[in-house]
Amino acid sequence: MSKRIPAVSLAALLSSLPALAHAQTAMVVPPIATNAAAQAAADASGPSDHASASASAATGNGAGLGWAPAPQAAPVTASKLPPPPPGMPPKIQLLSPSASLNAKEQRSAALATRWAARPVMPHTDADGVVRFTYGTTLPTVVCAPLRVCDLALQPGEVVNDINVGDKDFWNITPGLSGPPNALVTHFKIKPTDAGLVSNLLVDTNLRTYSVKLVSTRLVWVPLTAFTYPDDVNREWEGYRAATAGLGARGFSGGGGVSNAGDLDFGYAIGGDTPEWRPLRAYSDGSKTYIQFPRPVPTGDAPALVGLANDGGWFSSASKQVLNYRTVEDRYVVDKVLDRAELVVGVGGSQERVTITHEKRAGR
């Protein structure tokens, strides 16, 4: 049988509840310090500070719970960080300074720069291939990201070695085209970004290529290849060998060559290096042929004049009028030239290319 609680005791308990509640509200847990400065401030504060914290807690998130929220620490900014130690971080030097060049080295670099900057312009055929004349200047392949550019070599040419100046940002893969007896090696060139400048060096069984690589955002050249001045020379030499002793005369072929069995290629090309600079000059014993990189334009064609074997230190050679005509990419002169000059422009902007007969092969 349960015992009853006396009515007196129950009344006394009820009357003591407000006092207990008042005692609980007086007990305040000090806020948790988030750093050393806050901890020192909390230690220095006395009971009166705790009481004021209790009063503020009554109006905040801890109202009626007997605790006060911890104060928020001020955000740390870069200006409040301590300065780095002397010499830190170290300076990064991306490229070492250039080495000093002596007179011979400066001359060598100047010649290479002059060759690379020659204003011998490429030309294009009906197939859209942009062609550089091999050996006349530094060829350039212009490409763009998300595009594939093609560089083709001579048919039958085999690659022995290839080096790319920046292989991390230029992707170059090989390709082949053509029949088995005249395969053409292609380089598929893809830059990974715009604004890149590098170079490509290719060694083959016939020659060495040095090609400049440039990337832009939008401009690109899909197909690039070369023309080779030696190709025509080898064809005529093969023809001469095949017709030796046959007395082949009266042949009328490319450029109006009349006596192809007895060609003389002993001509030197000198002077300036304009884009129309002839590839070669040769004679068949009665006429002289001057071959240009592409068909001769009718409007801005260079004028051809003969030069006499006079003149000296203080005087120029006498000029002679020549009879010649244009046939496709060649001038056909109705005599065997010893000295001649091609001229375009007037005054300080004039461009001059000399043609000099040095020897007569096979005579």
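Residues numbered from 1 in each chain as written. Predicted model: local features only at pLDDT ≥ 70, side-chain atom pairs only at ≥ 80, totals over all residues. Heavy atoms only, no water.

### Some words on the overall build of the protein
Consideration 1: Scanning the protein from N- to C-terminus turns up five helices and 19 strands.
Consideration 2: Taking all 363 residues of the protein together, 28% fall into the buried category.
Consideration 3: Roughly 23,200 Å² of accessible area belongs to the protein as shown, and the carbon and sulfur atoms make up 59% of that amount. (Helix = DSSP H or I, 4+ residues; strand = E, 2+ residues; numbered from the N terminus. Buried < 20%, exposed > 50% of the residue type's maximum accessible area, 1.4 Å probe, protein only. Areas by Shrake-Rupley, 256 points an atom, 1.4 Å probe, with all protein chains shown as cover.)

### Notes on unusual backbone geometry
Consideration 1: Phi at Leu146 takes a positive value of approximately 65 degrees, unusual for a residue other than glycine.
Consideration 2: Here Leu146 lies in the loop between strand E3 (140–143) and strand E4 (149–152).
Consideration 3: Unusually for a residue other than glycine, Glu328 sits at a positive phi of about 60 degrees.
Consideration 4: Within the secondary structure, Glu328 sits in the loop between strand E16 (324–327) and strand E17 (330–333).
Consideration 5: Residue classification places Glu328 among the exposed residues on the basis of a relative accessible area of 61%.

### A short note on the environment of Ala225
Consideration 1: Looking at where Ala225 falls in the secondary structure, it is placed in strand E10 (residues 223–227).
Consideration 2: Note on Ala225: relative accessible area 6%, which makes it buried.
Consideration 3: For the pair Ala225 and His186, spaced 39 residues apart in the sequence, the C-alpha separation amounts to 9.3 Å.
Consideration 4: In contact with Ala225, not counting residues within four places along its chain, are Val129, Val130, Arg131, Phe132 and Ala152. (Contact = heavy atoms within 4.5 Å.)

### Description of the state of the cysteines
Consideration 1: Taken as a whole and assessed by the stated rule, the structure comprises one disulfide.
Consideration 2: One disulfide bridge connects Cys143 with Cys149, the sulfur atoms lying 2.2 Å from each other. Its S-S torsion of approximately 100 degrees makes the covalent link between Cys143 and Cys149 right-handed. With respect to burial, Cys143 and Cys149 carry one shared label: buried. (Disulfide = S-S within 2.5 Å.)

### Looking at the confidence of the model for the protein
Consideration 1: In the predicted model, the protein carries a mean pLDDT of 76, and the fraction of residues at 70 or more is 61%.
Consideration 2: Looking at the elements of the protein, mean pLDDT is at its lowest for helix H3 (residues 47–57), recorded as 44, and at its highest for E4, recorded as 98.
Consideration 3: Note on residues 46–66: pLDDT is under 50 here. Beyond four places in sequence and across chains, it has 15 contacts.
Consideration 4: In this model residues 247–261 is a low-confidence stretch, pLDDT under 50, and it forms 37 contacts with partners more than four residues away in sequence or in other chains. (pLDDT = per-residue confidence, 0-100.)

### A few points about the packing of aromatic side chains
Consideration 1: Scanning the entire structure with this criterion turns up nine aromatic pairs.
Consideration 2: On the numbers, 6.3 Å between centres and 75 degrees between planes, the contact of Tyr134 with Phe226 is edge-to-face. Placement of Tyr134 in the loop between strand E2 (130–133) and E3 and of Phe226 in strand E10 is noted, with a sequence separation of 92 residues between them.
Consideration 3: Given the relative accessible area of 27%, Tyr134 is considered partly exposed.
Consideration 4: Among the aromatic residues, ring-to-ring pairing joins Tyr134, Tyr209, Phe226 and Tyr228 into one connected group.
Consideration 5: Its end group placed over the ring of Tyr134, Arg207 keeps NZ or CZ at 5.1 Å from the ring centre. (Phe/Tyr/Trp six-rings, centres within 6.5 Å; stacked < 30°, edge-to-face > 60°. Lys NZ or Arg CZ within 6 Å of the ring centre and 35° of its normal.)

### Remarks on the pattern of salt bridges
Consideration 1: Under the defined criterion, the tally for this structure stands at seven salt bridges.
Consideration 2: For Asp127, the salt bridge is made with Arg131, and the minimal N-O distance between the two is 3.5 Å.
Consideration 3: Among the salt bridges present, the one from Glu341 reaches Arg352, with a minimum N-O distance of 2.7 Å. Placement of Glu341 in strand E18 (residues 339–344) and of Arg352 in strand E19 (residues 351–357) is noted, with a sequence separation of 11 residues between them. (Salt bridge = Lys/Arg side-chain N within 4 Å of Asp/Glu carboxyl O.)

### Section: the sheet that holds E2
Consideration 1: Judged by pairing direction, the sheet is mixed, and its six strands sit side by side in the order E1-E2-E10-E4-E7-E6 without closing on themselves. What marks the edges here is a single partner per strand, and that holds for strand E1 (123–124) and strand E6 (170–177).
Consideration 2: Here E4 pairs with strand E7 (residues 184–191) via four bridges, running antiparallel. Within E7, the position partnered with Ala152 by the bridge is His186. (Pairing = 2+ DSSP bridges.)

### Considering the environment of Lys335
Consideration 1: Position of Lys335 relative to the elements: it lies in the loop between E17 and E18.
Consideration 2: As for Lys335 and Asn323, which are separated by 12 residues in sequence, their C-alpha atoms are 8.2 Å apart.
Consideration 3: Contacts of Lys335, omitting those with residues within four sequence positions, involve Ser286, Lys287, Thr288, Gln320 and Leu322.

### Remarks on the pairing of E18
Consideration 1: Strand direction decides the pairing type here: strand E14 (residues 303–307) and E18, joined by four bridges, are antiparallel. If you follow Leu304 over to E18, its bridge partner there is Leu342.
Consideration 2: With six bridges joining them, E18 and E19 adopt antiparallel strand pairing. Paired with Val343 across the bridge in E19 is Arg352.
Consideration 3: The hairpin turn running from E18 into E19, its antiparallel successor, is six residues long, and Gly345 in that turn takes a positive phi close to 90 degrees.

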